[in-house]
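Observations on chain architecture
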Amino acid sequence: MTTRARATAPVTVTWTEANTRRLVRQHLYADASPAAPAEPPFASPADAVGAMLGAHAQVLSAAELSVGLRCDGMTREDVRTALWTDRTLVKTFGPRGTVHLLPAAELPLWTGALSAVPTGPNPFPKNARMTPDEVEAVVAAIGDALTGAELTIDELSDEVVARTGPWAGDLVMPGFQAMWPRWRQVLHLAGHRGVLAYAPNRGRKAAYTNPGYSPLPGPQALAALLERYLYAYGPATPAHLAQWLAAPKRWAAELFAASAASGAIEEVVFGDAGPAWVVAGDTDFPAAAGPAGGTAEGVRLLPYFDAFAIASHPRERLFPGRAFERVLGGGQAGNYPMLLVDGTVAGVWHQRRSGRRIAVTVEPLEPLSGARLRDLEKQVERVGAIMEGTAELTVGTVSVGPHA
């Protein structure tokens, strides 16, 4: 580890140094070496999810794999136990209004920060929009209805309409091959306010409850979340944070400026990308990566919407060459499960489950050496162990398209 003293001139950080540190801090790096000493192991799924800054759970099995890959010896059942039995994880609406697993202990921070992030222009047609007073009435109704209860979406809809008025139930929201009631447009906002989270499914239907957490004050929560983001994914710029949160770029720039003025973050020179920021004093970076750094096993398989792929920038460095077109469908990271080789995206993969058998097809963009193929076989075995099945590897073309 190279320790750099604070100086008047900003520290210069290379892509290799930044990418390696991100991998190390999320336990996605290969075996420890003098160039990249191991971080202490995550003691629980909640610790891993906290380091990731949330596990995207639109596809819950993908979230389970994301967490398992960052922990030693943990399986999908450990993640489910943390979520539904121990309740150390919460499934709710996280960054960008998308479904995430978040640590329960950090929910006051998350809800305080996410509820303070400004939204963009109203995307809904005029006949579907709600006034600010209607939004507040619906959020309050959701919180009241879910306190001490677990309701399906239909049951929750009946309760919201009964507490607010027939207007909330007008079928004006385009859904999946159907029209949804007006109030559904603020479902994610209720999650951000801390009054809604997922409960265990009732059969095939999703259910919701009120987790009962009070958000931290917005400014305090945002400052803390920015530092957490920079610790996990820095160096980063306001534009990177804005994309991660689906927030206005000007607002993100103001947040960075306020944190820099307070001395909480500091500027560095991030290779060819120019100025970027890290947490103040957090300027220790591994000196090397990949085989030259003495590592074994440089192959990783990341599932749909893995947090590392979504939050890491610059994307043209994480997705070099052909990977930018093959794996970044439309510029959106996470739509394909990804093959990492020495920390950069080098292909796609897909799994198909039948009972305990998991057929894994991996499509490398360049031929893999014998050593890399052996590493890949080990990684596939690990995927099978995490998902509690027996995985079988095929190296070939992945014909399945990107996730919506």
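Bear in mind the structure is a predicted one, so any value in this text is a computation, not a measurement. (Residues numbered from 1 in each chain as written. Predicted model: local features only at pLDDT ≥ 70, side-chain atom pairs only at ≥ 80, totals over all residues. Heavy atoms only, no water.)

**Some words on the overall build of the protein chain**
- In terms of helices and strands, the protein chain carries 15 helices and 16 strands.
- Its C-alpha radius of gyration of 22 Å places the protein chain within 12% of the 22 Å reference for a compact globule of 404 residues.
- When the 404 residues of the protein chain are sorted by exposure, 52% land in the buried category.
- In the protein chain, once contacts between residues fewer than 6 apart in sequence are set aside, the share between residues at least 24 apart is 65%.
- Counting every atom, the protein chain has about 17500 Å² of accessible surface; 54% of that belongs to carbon and sulfur.
- Each charge sign in the protein chain was given a centre, from 36 positive and 39 negative side chains, and these centres are 4 Å apart. (Helix = DSSP H or I, 4+ residues; strand = E, 2+ residues; numbered from the N terminus. Rg over C-alpha atoms; globule rule 2.2 N^0.38 Å. Buried < 20%, exposed > 50% of the residue type's maximum accessible area, 1.4 Å probe, protein only. Contact = heavy atoms within 4.5 Å. Areas by Shrake-Rupley, 256 points an atom, 1.4 Å probe, with all protein chains shown as cover. Lys, Arg positive; Asp, Glu negative; His and termini not counted. Charge placed at Lys NZ, Arg CZ, Asp CG, Glu CD.)

**With respect to the nonpolar core**
- If you look at the biggest cluster of nonpolar residues, it comprises 125 residues, and the most contacted ones within it are Leu156, Trp244 and Phe319.
- Each residue touching Trp244, except ones within four places of it in the same chain, is listed here: Leu53, Pro95, Arg96, Trp110, Leu225, Tyr229, Ile310 and Ala311. (Core = buried A, V, L, I, M, F, W, Y, C linked by side-chain atoms within 4.5 Å.)

**Observations concerning the packing of aromatic side chains**
- Following the criterion strictly, the structure yields seven aromatic pairs and no others.
- With 5.8 Å between their ring centres and 80° between their planes, Phe256 and Trp277 make a pair best called edge-to-face. In this pair, Phe256 is assigned in helix H11 (residues 249-261) and Trp277 in strand S11 (residues 274-279), connecting sequence segments 21 residues apart.
- Owing to a relative accessible area of 2%, Phe256 belongs among the buried residues under this scheme.
- For Trp277, a relative accessible area of 18% translates into the label buried.
- With a centroid separation of 6.1 Å and 35° between ring planes, the pair formed by Tyr304 and Phe305 is classed as tilted. No difference in accessibility class separates Tyr304 from Phe305, as the two residues are buried.
- Here a set of aromatic residues connected by ring pairs shows up, and it is made of Trp110, Tyr229, Tyr233 and Trp244.
- Over the face of the ring belonging to Phe285 we find Arg21, whose NZ or CZ atom lies 3.7 Å from the ring centre.
- Above the plane of the ring of Tyr231 lies Arg25, whose end atom (NZ or CZ) is 3.7 Å from the centre. (Phe/Tyr/Trp six-rings, centres within 6.5 Å; stacked < 30°, edge-to-face > 60°. Lys NZ or Arg CZ within 6 Å of the ring centre and 35° of its normal.)

**Some points on the sheet that holds strand S5 (residues 151-152)**
- Ordered by their spatial adjacency, three strands build an open sheet running S5-S9-S8, and the pairing between neighbours is antiparallel. Looking at which strands have only one partner, the edges of the open sheet turn out to be S5 and strand S8 (197-202).
- Relative to strand S9 (residues 205-209), S8 runs antiparallel, the two being bridged by four bridges. Paired with Tyr198 across the two strands is Tyr208, which belongs to S9. (Pairing = 2+ DSSP bridges.)

**Let's talk about the side chain of Thr92**
- One can find Thr92 in strand S3 (residues 89-93).
- There is a polar contact of 3.2 Å between the side chain of Thr92 and the backbone oxygen of Leu196.
- Contacts of Thr92, omitting those with residues within four sequence positions, involve Thr98, Val99, His100, Leu102, Leu107, Gly191, Leu196, Ala197 and Tyr198. (Polar contact = N/O pair within 3.5 Å; in protein donor to acceptor, adjacent residues only side chain to side chain.)

**Quick look at helix H4 (residues 76-85)**
- Buried residues of H4: Arg76, Val79, Ala82 and Leu83, and no others. The buried residues of H4 all sit within an arc of 125° when viewed along its axis, so they share a single face.
- Contacts from the buried residues of H4 go to helix H2 (45-52), helix H3 (60-69), S3, strand S4 (99-103), strand S14 (344-354) and helix H15 (370-386).
- Where H4 ends, the next residue or the one after it, Arg87, has phi of about 60°, a positive value. (Arc of directions from axis to C-beta.)

**Brief notes about the pairing of strand S10 (residues 265-270)**
- In the sheet, strand S1 (residues 11-13) pairs with S10 via three bridges, with the strands oriented parallel. Paired with Val11 across the bridge in S10 is Val268.
- Both S10 and S11 contribute to a ladder of six bridges, which runs antiparallel. Residue Glu267 lies in a different strand from S11, and its bridge partner there is Trp277.
- With antiparallel pairing between neighbouring strands as the criterion, S10 and S11 make up a hairpin whose turn holds three residues, including Gly271 at a positive phi of roughly 50°.

**A look at the sheet that holds S10**
- What the three strands build is an open sheet, ordered S1-S10-S11; its pairing is mixed. Of all strands in the sheet, those with a lone pairing partner are S1 and S11, marking the two edges. Across the sheet, the axes of successive neighbouring strands diverge by a mean angle of 50°, strand direction being ignored. (Axes fitted to C-alpha atoms, helices over the stretch in contact; angles between N-to-C directions.)

**Brief notes about the pairing of S3**
- When you tally the buried positions in S3, you get five out of five residues, the bulk of the element.
- Across five bridges, S3 lies against S4 in antiparallel orientation. In the sheet register, Phe93 faces S4, and the bridge partner there is Val99.

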